[in-house]
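Secondary and tertiary structure notes
Residues per chain are reported as follows:
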Amino acid sequence: SQTIHQWPATLVQPVGSPLSLECTVEGTSNPNLYWYRQAAGRGLQLLFYSVGIGQISSEVPQNLSASRPQDRQFILSSKKLLLSDSGFYLCAWRLQGPSNSPLHFGNGTRLTVT
Amino acid sequence: AQSVTQPDIHITVSEGASLELRCNYSYGATPYLFWYVQSPGQGLQLLLKYFSGDTLVQGIKGFEAEFKRSQSSFNLRKPSVHWSDAAEYFCAVRGNFGNEKLTFGTGTRLTIIP
């Protein structure tokens, strides 16, 4: 069966520091991968998605970037964090191809920028 | 572009009572519709999905949802809630023409009282 791992679970970082959040998927090949951010009391905002190695689409211009160095690895990064980057970050995957395949989420990373 | 509205931010029901969470979508054709549940500090879990065919779909944990094209709605129901159903519920929509973006509503927080 497929599993998705996301780490760390929580992170406290000072303003101006770099960020690296990692997500890996097991049990499937060539998945579509996604990064979402969830602000307190709000819905989920799609940040990036990837349909293959090295292919990244950005939904919202911001202080963050994403990379996909391997088929089942998706990384969210920042060179210098802002206070507004605080939030709950969720990685997700789905089968490539059929648009009706659902997203499967990791357990999220709670990021607090101080 | 598609959109989703969950008009109820917070709902409180008694344990054993019935539940209905509202979801309205905007899309030019019949979209793909999903309901997810999120426990505090966790990722999202898929409850059920609608693609086509029977407009009443069954999901996990005793939940069901009914697609009503005339009302552009996809309301989630459960005949008798349990204390463990307390969580945040998200409705989501994706277009059916290779659109990668899964658009989420802002969520409904469900509180269960004894």
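It should be emphasised that the depicted structure is a prediction, and the values quoted were computed from it without experimental measurement. Numbering of residues begins from 1 in every chain and follows the order in which that chain's sequence is written. Each chain takes a letter, starting from A, and each ligand takes a number, starting from 1, following the order in which they are written. Predicted model: local features are reported for residues with pLDDT of at least 70 only, side-chain atom pairs are reported and counted for 80 or more only, and whole-chain, interface and lining totals are derived from all residues. Side-chain numbers here rest on the full set of heavy atoms in the structure, without hydrogens or water.

**So, the overall build of chain B**
Comment: elements are numbered from the N terminus, with helices defined as DSSP H or I runs of at least four residues and strands as E runs of at least two. When helices and strands are counted, chain B shows zero helices and 12 strands. When the helices and strands of chain B are placed in sequence order, the string is β-β-β-β-β-β-β-β-β-β-β-β. Two things to know: the radius of gyration comes from C-alpha atoms, and the globule rule equals 2.2 Å times the number of residues to the power 0.38. Since a compact globule built from 114 residues should have a radius of gyration of about 13 Å, the 14 Å found for chain B is in line with a globular shape. Buried residues are those whose accessible area, probed at 1.4 Å on protein chains only, stays under 20% of the maximum for their type, while exposed residues exceed 50% and partly exposed ones sit between those limits. A buried classification covers 47% of the 114 residues belonging to chain B. Whether two residues are in contact is decided by their heavy atoms, any of which lying within 4.5 Å being enough. Across chain B, the fraction of contacts at a sequence separation of at least 24, relative to all contacts at a separation of at least 6, is 54%. Asp and Glu count as negative and Lys and Arg as positive, but His and the ends of the chain are not part of the count. Where a charge sits is defined by one atom per residue type, namely NZ (Lys), CZ (Arg), CG (Asp) or CD (Glu). Charge centroids of chain B, computed over 10 positive and 9 negative side chains, lie 5 Å from each other.

**Topic: the packing of aromatic side chains**
Only the six-membered ring of Trp is used, alongside the rings of Phe and Tyr, when aromatic pairs are assigned; centres must lie within 6.5 Å, and planes under 30 degrees apart are stacked while those over 60 apart are edge-to-face, with the rest tilted. What the rule picks out here adds up to 16 aromatic pairs over all chains. Here A:Tyr36 and B:Phe104 contribute two aromatic rings whose centre-to-centre distance is 5.5 Å and whose plane-to-plane angle is 90 degrees, an arrangement assigned as edge-to-face. With A:Tyr36 in strand E4 (residues 32–38) and B:Phe104 in strand E11 (residues 103–104), the pair connects residues from two separate chains. Assessed through its relative accessible area of 0%, A:Tyr36 is described here as buried.

**Focus on the pairing of strand E6 (residues 55–58) of chain A**
Residue and element names in this part refer to chain A. Relative to E6, strand E5 (residues 44–52) is paired through three bridges, and the arrangement is antiparallel. Across the sheet, residue tyrosine 49 finds its bridge partner in E6, namely serine 57. Paired strands, as defined in this entry, are two strands with at least two bridges between them according to DSSP. If you look at the hairpin formed by E5 and E6, you'll find two residues sitting between the two strands, and glycine 54 has a positive phi there, around 75 degrees.

**What to know about the pairing of strand E6 (residues 44–50) of chain B**
Residue and element names in this part refer to chain B. Among the seven residues of E6, five are classified as buried, and the element is accordingly described as predominantly covered. Pairing of strand E5 (residues 32–38) with E6 involves six bridges; the strand directions are antiparallel. Across the sheet, the residue bridging to tryptophan 35 is leucine 48, located in E6. Linkage of E5 to E6, two consecutive antiparallel strands, is achieved through a turn of five residues, within which glycine 41 is found at a positive phi near 70 degrees.

**Notes on the environment of A:Leu19**
Residues and elements named next belong to chain A. For leucine 19, the location among the structural elements is in strand E3 (residues 19–26). Take leucine 19: its relative accessible area is 5%, and that puts it in the buried class. Sequence separation between leucine 19 and glycine 108 is 89 residues; the distance between their C-alpha atoms is 15 Å. Ignoring anything within four residues of it in the chain, the contact list for leucine 19 reads Leu11, Leu64, Leu76, Ser77, Ser78, Leu81 and Leu111.

**Section: the pattern of salt bridges**
Criterion for a salt bridge: a side-chain nitrogen of Lys or Arg within 4 Å of a carboxyl oxygen of Asp or Glu. Per the counting criterion, the structure on display carries six salt bridges over all chains. When the shortest N-O distance is used, the salt bridge between A:Asp71 and A:Arg68 registers 3.3 Å. Residue A:Arg68 is classed as buried on the basis of its relative accessible area, which comes to 3%. Salt-bridge contacts for B:Glu66 lead to B:Arg77; the nearest nitrogen and oxygen are separated by 3.1 Å. With B:Glu66 in strand E8 (residues 64–68) and B:Arg77 in strand E9 (residues 73–78), the pair connects residues that are 11 residues apart, well separated along the chain. Taken together, the salt bridges that share partners define one network made up of B:Glu64, B:Glu66 and B:Arg77.

**A short note on the nonpolar core**
All names here are of chain B. Working definition of a nonpolar core: buried Ala, Val, Leu, Ile, Met, Phe, Trp, Tyr and Cys residues. They are joined through side-chain atoms within 4.5 Å. Core analysis: the biggest nonpolar cluster contains 26 residues, and Leu19, Trp35, Leu47, Leu48, Phe74, Leu76 and Tyr89 have the highest contact counts within it. When contributions to this core are tallied by element, the ones reaching two or more residues are strand E2 (10–14), strand E3 (19–21), E5, E6, E8, E9, strand E10 (87–94) and strand E12 (108–113). Of the residues forming this core, the biggest block, four residues, is contributed by E10. Sequence-distant contacts of leucine 48, defined by excluding residues within four places in its chain, comprise Leu33, Phe34, Trp35, Val57, Gln58, Gly59, Phe63, Glu64, Ala65, Phe74 and Leu76.

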